[in-house]
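Here is what each chain is made of, one letter per residue.
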Amino acid sequence: MKDEGKEKNKKGHLHPMTLMVNDIATIFRKMGFAIAEGPEIETEHYNFDALNIPEWHPARDMWDTFWLKPLKDRKLLRTHTSPVQLRYMEKMGAPLRVVVPGKVYRHEATDATHEAQFYQLEGLMIEENCSLAHFKGVLEQFFSEFFNTKVSMRLRPSYFPFVEPGVEADITCIKCEGIGCSMCKQTGWIELMGAGMVHPKVLEWGGIDSKKYKGFAFGAGIDRLGVLKYGIDNIRISYNGDLRLTNQF
Ligand SMILES: [Zn+2]
């Protein structure tokens, strides 16, 4: 009977995903960023067109999309959190700093590292003299606090239609600090996110004067951060509601 009582009074646990989103919000708030959300059912305009991905653009193939019926309305489940960039620009104007954690959807086969629904972290900072150096500074500070160890970031050229230039951002391995280990595949670096300077066309779609303002944007998988922070190496475990996972936090 005693044990039964104990069972009843057991404390609940926050899901690791919630813990990470809370941490992310706390760190970015200290740097002056607002936290925003947006709709998961999006229009083609916000998810694609106004992000410089028109219907004919081959880059659309980068996002396998769940379209909603009736097709003539062209509604979809958002494939990234980037539409919130536009919604926030329209609402707040420049200058601005915002991060957007949220669910996104992809029409793809699922396995240990892919799910049809997962969490993304979007970030956007727009100011008069914003540059990639600001991006590097802000994100190095964020990751150093998030992983509780000093990290450096390197940028490699990449392509996303809504930024110019586009980059992939890596950080020094949080386990071996750059020496080389199994986590970083002996490279000393960990791939973390896509980013870049917001394309002038996207700023204009958001109602912001691209001659006066510049901005950086980034998108990262929160599940990926969970792999690195907590060692949750199978994405499906995060979403199946198994209490054996949650009870460890
Ligand atoms: Zn390493």
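Since the model is a prediction, treat every value here as computed from it, not as a measurement.

A. Main features of the overall build of the chain. Tallying secondary structure elements over the chain gives 9 helices and 9 strands in all. Here the chain has a C-alpha radius of gyration of 19 Å; the compact-globule value for 249 residues is 18 Å, and the two agree. When its C-alpha atoms are laid out on the principal axes, the chain stretches across 70 × 50 × 35 Å. Here the chain holds 249 residues, and the buried ones make up 36% of them. Sequence separation of at least 24 residues holds for 64% of the intrachain contacts in the chain that already meet a minimum separation of 6.

B. Region of the structure containing the pairing of strand β9 (residues 214–221). Counted residue by residue, β9 has 7 buried out of 8 residues, so it is predominantly covered. Direction of pairing for strand β5 (residues 117–127) relative to β9: antiparallel, over a ladder of 8 bridges. Looking across to β9, one finds that Gly123 is bridged to Phe218. Both strand β8 (residues 189–198) and β9 contribute to a ladder of 5 bridges, which runs antiparallel. Residue pairing for β9: Gly196 is matched across the bridge by Ala217.

C. Just the environment of Ile237, in detail. Relative to the elements of secondary structure, Ile237 occurs in helix α8 (residues 235–239). Separated by 125 residues in the primary sequence, Ile237 and Ala112 place their C-alpha atoms 8.8 Å from one another. Sequence-distant contacts of Ile237, that is, excluding residues within four places in its chain, are made with Ile232, Asp242 and Leu245.

D. How the structure looks around the nonpolar core. In this structure, Val98, Leu139, Ala195, Val198, Phe216 and Phe218 are the most contacted members of the largest nonpolar core, which totals 59 residues. Among residues more than four places away in sequence, those in contact with Val98 are Phe33, Ala34, Ala36, Tyr88 and Leu124.

E. Structural view of the sheet that holds β5. Strand order in the open sheet formed by 7 strands is β1-β4-β5-β9-β8-β7-β6, with mixed pairing between adjacent strands. Either end of the sheet is taken by a strand with one partner, and the two such strands are β1 (34–35) and β6 (153–158). The pairing of β6 with strand β7 (residues 163–172) spans 6 bridges and is antiparallel. Within β7, the residue paired with Leu155 across the bridge is Ala169.

F. Broad picture of helix α5 (residues 132–146). Over its 15 residues, α5 extends 21 Å from the first C-alpha to the last, a length consistent with the 21 Å expected when each residue adds 1.5 Å. For α5, the full list of buried residues reads Phe135, Val138, Leu139, Phe142, Phe143 and Phe146. One side of α5 carries all its buried residues, which in axial view fall inside an arc of 125 degrees. In this structure, the buried residues of α5 make contact with α2 (16–30), β5, β6, β7, β8 and β9. After α5 finishes, the residue Asn148 shows a positive phi value of roughly 60 degrees.

G. Spotlight on α2. An ideal rise of 1.5 Å per residue puts 21 Å on 15 residues; α2 measures up with 22 Å between its terminal C-alpha atoms. Looking one or two places after α2, you find Gly32, whose phi comes out positive at around 85 degrees.

H. Just the confidence of the model for the chain, in detail. The pLDDT averaged across the chain works out to 90; a share of 95% of its residues lies at or above 70. Taken element by element, the chain is modelled with least confidence in helix α1 (residues 2–8), mean pLDDT 57, and with most confidence in β1, mean pLDDT 98.

I. Spotlight on the packing of α2 against helix α7 (residues 222–230). Where α2 contacts α7, the two axes come as close as 10 Å, and the packing angle between them is 100 degrees. In terms of their interaxial angle, α2 and α7 are classed as roughly perpendicular. Contacts between α2 and α7 involve Pro16, Met17, Met20 and Val21 on the former and, on the latter, Ile222, Leu225, Gly226, Lys229 and Tyr230. Residues that form the contact of α2 with α7 fall into these classes: 7 nonpolar, 1 polar and 1 charged.

So, how was this worked out
- Residues numbered from 1 in each chain as written.
- Predicted model: local features only at pLDDT ≥ 70, side-chain atom pairs only at ≥ 80, totals over all residues.
- Helix = DSSP H or I, 4+ residues; strand = E, 2+ residues; numbered from the N terminus.
- Rg over C-alpha atoms; globule rule 2.2 N^0.38 Å.
- Buried ≥ 20, exposed ≤ 12 C-beta atoms within 10 Å, placed from the backbone.
- Contact = placed C-beta atoms within 7 Å.
- Pairing = 2+ DSSP bridges.
- Core = buried A, V, L, I, M, F, W, Y, C linked by C-beta atoms within 7 Å.
- Expected span 1.5 Å × (residues − 1).
- Arc of directions from axis to C-beta.
- pLDDT = per-residue confidence, 0-100.
- Axes fitted to C-alpha atoms, helices over the stretch in contact; angles between N-to-C directions.
- Parallel < 35°, antiparallel > 145°, perpendicular 65-115°, else oblique.
- Nonpolar A, V, L, I, M, F, W, Y, C, P; charged D, E, K, R; others polar.

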